[in-house]
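Chain by chain, the residues run as shown.
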Amino acid sequence: NDTNPAIHPGASDANCNGIDENCSGVADEGVVPVATSCGVGACAATGTTSCEGGAVHDSCVPGTPAESDTTCNGIDDDCNGQVDEGYVPQATSCGVGACARAGTTSCVGGVVHDSCVPGTPTPEVCDGIDNNCDGITDNSDGGMWYQDVDGDGHGDPLTGVSTCSAGYSTAGDDCNDADPGAFHAPVEVAGLTAVRGPGFARLTWTGQALTAGAGTSYDVVTGLLSELRSDGGFARGTCLASGGTSAEYDDTRAAPAEGDVLYYLVRARNSCGSSTYGDSTLTPDPRDGLDTSGPCP
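In this report, we go over the structure that sits alongside the text. (Residues numbered from 1 in each chain as written. Predicted model: local features only at pLDDT ≥ 70, side-chain atom pairs only at ≥ 80, totals over all residues. Heavy atoms only, no water.)

1. Details of the pairing of strand 8 (residues 200–206)
Phase 1 of the analysis: Burial along strand 8 is one-sided: Ala 201, Leu 203 and Trp 205 are buried, and none of Phe 200, Arg 202, Thr 204 and Thr 206, which face the opposite way, are.
Phase 2 of the analysis: One ladder, built from 6 bridges, connects strand 7 (residues 190–197) with strand 8; its direction is antiparallel. Bridge assignment links Gly 197 to a residue of strand 8, and that residue is Phe 200.
Phase 3 of the analysis: Between strand 7 and strand 8, which follow one another and run antiparallel, lie 2 residues, and Gly 199 among them has a positive phi close to 90°. (Buried < 20%, exposed > 50% of the residue type's maximum accessible area, 1.4 Å probe, protein only. Helix = DSSP H or I, 4+ residues; strand = E, 2+ residues; numbered from the N terminus. Pairing = 2+ DSSP bridges.)

2. Thoughts on the side chain of Glu 21
Phase 1 of the analysis: Here Glu 21 shows up in the segment before strand 1 (35–38).
Phase 2 of the analysis: It turns out Glu 21 is buried and unbridged, and the closest side chain with the opposite charge, Arg 101, is 77 Å from it.
Phase 3 of the analysis: Of the polar contacts made by the side chain of Glu 21, one reaches the side chain of Asn 15; its length is 3.0 Å.
Phase 4 of the analysis: If we ignore the near neighbours within four places in the chain, the residues touching Glu 21 are Ala 6, Ile 7, His 8, Ala 11, Ser 12, Asp 13, Asn 15 and Asp 28. (Lys, Arg positive; Asp, Glu negative; His and termini not counted. Salt bridge = Lys/Arg side-chain N within 4 Å of Asp/Glu carboxyl O. Polar contact = N/O pair within 3.5 Å; in protein donor to acceptor, adjacent residues only side chain to side chain. Contact = heavy atoms within 4.5 Å.)

3. Describing the sheet that holds strand 8
What links the strands of a sheet is backbone hydrogen bonding, and the strands pair in either a parallel or an antiparallel sense.
Phase 1 of the analysis: Pairing is antiparallel in the open sheet, where 3 strands are placed in the order 7-8-11. The open sheet has two free edges, formed respectively by strand 7 and strand 11 (248–251), since each of these has just one partner strand. Strand-to-strand twist in this sheet, taken as the mean axis angle between neighbours without regard to direction, amounts to 15°.
Phase 2 of the analysis: Examined bridge by bridge, strand 8 and strand 11 share 4 bridges and lie antiparallel to one another. Counted as the bridge partner of Arg 202 is Asp 250 from strand 11. (Axes fitted to C-alpha atoms, helices over the stretch in contact; angles between N-to-C directions.)

4. What to know about the pairing of strand 5 (residues 101–108)
Phase 1 of the analysis: Sheet topology note: the strand 4 (residues 91–94)/strand 5 ladder contains 4 bridges and is antiparallel. Directly across from Ala 91, in strand 5, lies its bridge partner Thr 104.
Phase 2 of the analysis: Two successive antiparallel strands, strand 4 and strand 5, enclose a turn made up of 6 residues, where Gly 95 displays a positive phi of approximately 80°.
Phase 3 of the analysis: What sits between strand 5 and strand 6 (residues 111–114) in their antiparallel hairpin is a turn of 2 residues, with Gly 109 showing a positive phi close to 60°.

5. As for the state of the cysteines
Phase 1 of the analysis: Applying the stated rule across the entire model yields 6 disulfides.
Phase 2 of the analysis: Through a disulfide, Cys 16 is tied to Cys 51; the S-S separation comes to 1.9 Å. One quick way to see it: the torsion about the S-S bond of Cys 16 and Cys 51 is about 95°, and its sign makes the bridge right-handed. Taken together, the residues span a long stretch of sequence, with Cys 16 in the segment before strand 1 and Cys 51 in strand 2 (residues 45–52) at a distance of 35 residues.
Phase 3 of the analysis: Linked covalently through their sulfurs, Cys 43 and Cys 79 form a disulfide whose S-S length is 1.8 Å. Every disulfide takes its handedness from the sign of the S-S torsion; for Cys 43 and Cys 79 that torsion is 85°, giving right-handed. With a gap of 36 residues between them, Cys 43 in the loop between strand 1 and strand 2 and Cys 79 in the loop between strand 3 (55–58) and strand 4 connect regions that are remote in the sequence. (Disulfide = S-S within 2.5 Å.)

Everything listed here is a matter of geometry and, on its own, says nothing about what the molecule does.
In structure tokens:
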């Protein structure tokens, strides 16, 4: 083409303009296809350019957006340039009993997180709450509460069964309604000694902690060993002190006759019950095998 210096044999024909610049008889045969991309998020796609009739065409077609982006998957489902923006937090719960807590879900990095953390279990008490969070309310962690089963006004243990009911034990038992939740366990005093002084015998023992289930006061019983042997019980014993709070007692009575011996028994009361020494020939209290009558009732 004498009027266009760009059209001559050997010229480039790669500009997709519908003109045969290199006079080969074919227009635009030198155009090179180019890889393309389009769309965002889940709509992202790829394509290739082509030259058709002197115009560049792109084969890339974006995908179809979802109606919403509520799934926490780290993908922009609705193709609006934001990821998981439609996720709706959900209320959650975890733990049981006193450990029950509430939380909320959130979407972080395409993963659902739950803010709920169960509380810390505590020892079980008789209060109508599952304090130790094991799924059972008022089970006594291996012990038991006492309940007045036979109606005698004293607590009777049911072997292997927690007798705490609805957070309270029944009226008339060792752990009454005025003190729900006190746990009963056997209580002993330790280190009892009796030393005879001028005109008295001093008894001392290890004091008990003033807490639920431990000694808060003490009963002191004495008697002659000969009487104990003859009647097989404490019916003729003497209550020296009932409900004393000191861990010692002075017995000012005269010494026994020669050939006889005084015995002493000291027992701790627990915080919401009473203790006693009685005549073992009578019906024993199931709590301890001792009768409820006799000295220190």
